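# A structural walkthrough
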Amino acid sequence: MCGIVGYTGTREATPVLVEGLHRLEYRGYDSAGVAVLRRGKVGVTKTAGRVRDLRDRLAESPPNPATVGIAHTRWATHGEPSDRNAHPHLDTEGRIAVVHNGIIENAEQLRARLTARGVELVSETDTEALAHMIAAELAAADSLEDAVRAALRHVEGTYGLVVLDRTRPDELVVARNGSPIVLGVGDGEMFVASDVAALVHHTQRVVFLDDGELATVHPGGYRTSTLEARRTSKEPTTVELAADDYELGGHSDFMRKEMAEQPEAVARALRGRLDDRFATAHLGGLGLDPMALRAVRRVKFLGCGSAYYAGQMGATLVEELARIPADAEPASEFRYRDPVVDPDTLYVAISQSGETLDTLAAVQELRRKGGRVIGAVNVVGSAIARECGSGVFLHAGPEVSVASTKALTNMTVSFAMLALLLGRVRDLSAAAGLRVVTGLRALPERIEEVLADDERVREVAKRYAHARHMFFLGRVRGWPVAREGAQKLKEISYVHAEAYQAAELKHGPLALIDADMPSVVLVPDDDLLAKNIGTIEQIKARGGPVIAVTNAELPAGLADEVLRVPRGEPELDPILLTVPLQLLAYHIAAELGRDIDKPRNLAKSVTVE
Ligand code: F6R
């Protein structure tokens, strides 16, 4: 969603800011803007549309050698995407410029209060109110930081924000509550961003602000404090991300690159975590000793969208390997149903970005009620990782494409290790444990084999790309895979796809089967093989085309198309079966000419409700 970049140093700020915005484009946005400060004047350029439109607009005015500035990509919440509503926003005098991520919940009251005082608001946004409020506090404040702090006392909601003051030529003030803000420490220059992706080209030394924290940033460094004006001390940490992690590296788009990276991403997730001697996994970040692991009586996975489906795969793995009840629930619903939080349940909050507001809110609800929650998060230093405090990092590397692929795979791989660990402190035998360890270790190579079948999947995709609807069907292990397959197709191709448990078909949806309704059926070679073959026969008998995704030998001519995956340990089949569905969605979207990395209406991290 929205992106923030700030810079203060000795370089020309505008190119640094615009390049930073480019790197945040993947998050999804609908307008962009920049404000730079030079000789006591704040110059603002903004536009509805893409960062390239902003660049074009900037090119129309004379170059501005300013060395301090702030910039933003906006994903509309209060007011339509327009030049007027784009950030940065200014106060009436043009002294204060603000960029802001998040949502000010009492914006209506704040705006009404300002209007009553005679302030003329020029946009429909919540952010503009902040600019006026900060400006109003300046008279009584000792510093810009104090003015920001005083203004924020009236604010309810979430924010990551950066403020520029016309009278302070090289200073930025930054604040965070619920929307990530990270400082990048350079040599005689400082960067600010909502996501390290915008910084790693310049520096890998970063400082993650906590909720309720502010920072004053100038070229020589930074100081941090709380909303209550208590000093905090924050040392920079080094992020292990390289600039080219965010480059296409010869691939046509990021989804393709990230699918191709899955073997190496899985190998990274497994590294140092598999134990042959005791046929188990080591997940040191969980912070749970064997006694604590044994005390877990139930596991509940919470996540949104694909992360939720990965959680469902995780729940199946835990039930199979550890024989303790497990389930998954959409994190977006959790806090609203006044959940019964059970002290013997291990809750697992799943998130690639670590920023998804609904998942973060579920974690906060759990912690408030004394639940034990661990994170399964990709982005180190993210809000969910920090709120959980313990868990398992996914090590998928940065994921830029909106459609999650490698992170999702690493979620399921991590849950297989968690299930193995929980199983091995219970009744899972060493032989069974070793079988899973061996299966996990073989995964990178097996995923490589699935990816090598790309051309075959492309041919199938071409044949079905113009279907208006598709079913995705699976049983037990195949059911979350079907859901994920339908999700991937919907989001990047805009083809309507619905997932059903295969056995549910005959209870209603079978009425929709005809020659124009292809079904993708997941057919792992497990105890339910005969049942899945029966499902395919029922569909074929009604003239429905079938694409079977399988590691079994199916009767010749049973399905119209067969996409094969290698045979592995049956419990791990969902991981391999997911990959051809990514490829299928990808090639259908490509055939339909979609913008694969940036599907319409979607954002990479959903930091609003
Ligand atoms: C689908 C997709 C989304 C995310 C969901 C949660 O491809 O990417 O459904 O899985 O928005 O995002 P994270 O994992 O960042 O919490």
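Every value quoted in this text rests on a predicted model; they were computed, and no experiment measured them.

The subject of this paragraph is the pattern of salt bridges. One pass over the full model with this rule turns up 41 salt bridges. Arginine 149 is the salt-bridge partner of glutamate 145, the closest N and O atoms lying 2.8 Å from each other. Placement of both glutamate 145 and arginine 149 in helix H5 (residues 144-152) is noted, with a separation of four residues, approximately one turn of the helix. The pair glutamate 145 / arginine 149 is uniform in exposure class, with both members buried. Ionic contacts of the salt-bridge type, sharing partners, join the residues Arg95, Asp165, Arg168 and Glu171 into one network.

Before going further, it helps to spend a moment on the side chain of glutamine 582. With respect to the helices, strands and loops of the structure, glutamine 582 is situated in helix H18 (residues 573-591). Residue classification places glutamine 582 among the buried positions, given a relative accessible area of 1%.

Ordered by their spatial adjacency, five strands build an open sheet running E19-E18-E20-E21-E22, and the pairing between neighbours is parallel. Bordering the open sheet on either side are strand E19 (326-330) and strand E22 (391-393), each of which pairs with just one other strand. Each strand of the sheet is rotated relative to its neighbour by a mean of 20°, with strand direction disregarded. Of the pairings in the sheet, the one linking strand E18 (residues 298-303) to strand E20 (residues 345-351) comprises five bridges and is parallel in character. Note on E20: the bridge partner recorded for lysine 300 is tyrosine 347. Against the sheet, helix H11 (residues 357-368) makes contact with E18, E20 and strand E21 (372-377), and its axis sits at roughly 160° relative to E20, the strand it touches most. Together, E18, E20, E21 and E22 form the strand contacts of helix H13 (residues 406-424), whose direction differs from that of E20 by roughly 165°.

Close contacts around the ligand come from 14 residues, with Ser351, Gln352, Ser353, Thr356 and Glu491 the closest. For the ligand, an oxygen atom lies 2.6 Å from a polar atom in the side chain of serine 353. Within the side chain of glutamine 487, an N or O atom sits 2.9 Å from an oxygen atom of the ligand. When isolated, the ligand has an accessible area of 410 Å², and the protein chains bury 91% of it. Its atoms largely coinciding with the cavity grid, the ligand occupies the second largest pocket. Taken together, the elements giving at least two residues each to the shell around the ligand come down to helix H9 (306-322) and helix H16 (478-493). For the shell around the ligand, the element with the highest residue contribution is H16, accounting for three residues. Tallied by class, the residues present in the shell around the ligand amount to four nonpolar, eight polar and two charged.

This part covers the packing of aromatic side chains. Overall, the coordinates contain five aromatic pairs when judged by the stated rule. Aromatic side chains phenylalanine 471 and tyrosine 500 sit 5.6 Å apart centroid to centroid with 85° between the ring planes, which places their arrangement in the edge-to-face category. Here tyrosine 500 lies in strand E24 (residues 496-501) and phenylalanine 471 lies in strand E23 (residues 469-474), a separation of 29 residues in the sequence. Exposure remark for tyrosine 500: the relative accessible area of 24% places this residue in the partly exposed category. Over the ring of tyrosine 494 we find arginine 600, and its NZ or CZ is 3.9 Å from the ring centre.

This part takes up the layout of surface pockets. Here the largest pocket defines a volume of roughly 920 Å³. If you trace the largest pocket, you find 40 residues lining it, with Val196, Leu241, Asn378, Val379 and Val380 closest to the centre. For the lining of the largest pocket, the secondary structure elements donating two or more residues are strand E15 (237-238), helix H7 (262-270) and helix H12 (383-388). Considering only enclosed or pocket space, the second largest pocket measures out at about 510 Å³ in volume.

Procedures and definitions
Residues numbered from 1 in each chain as written. Predicted model: local features only at pLDDT ≥ 70, side-chain atom pairs only at ≥ 80, totals over all residues. Heavy atoms only, no water. Salt bridge = Lys/Arg side-chain N within 4 Å of Asp/Glu carboxyl O. Helix = DSSP H or I, 4+ residues; strand = E, 2+ residues; numbered from the N terminus. Buried < 20%, exposed > 50% of the residue type's maximum accessible area, 1.4 Å probe, protein only. Pairing = 2+ DSSP bridges. Axes fitted to C-alpha atoms, helices over the stretch in contact; angles between N-to-C directions. Contact = heavy atoms within 4.5 Å. Near = heavy atom within 4 Å. Polar contact = N/O pair within 3.5 Å; in protein donor to acceptor, adjacent residues only side chain to side chain. Areas by Shrake-Rupley, 256 points an atom, 1.4 Å probe, with all protein chains shown as cover. 1 Å grid on protein atoms, 1.4 Å probe; cavity = no way out; pocket = protein on both sides within 12 Å on 5 of 7 lines; lining within 4 Å. Sits in = over half its atoms within 2 Å of the grid points. Nonpolar A, V, L, I, M, F, W, Y, C, P; charged D, E, K, R; others polar. Phe/Tyr/Trp six-rings, centres within 6.5 Å; stacked < 30°, edge-to-face > 60°. Lys NZ or Arg CZ within 6 Å of the ring centre and 35° of its normal. Points joined across faces, edges and corners; volume = space filled by probe spheres on them.

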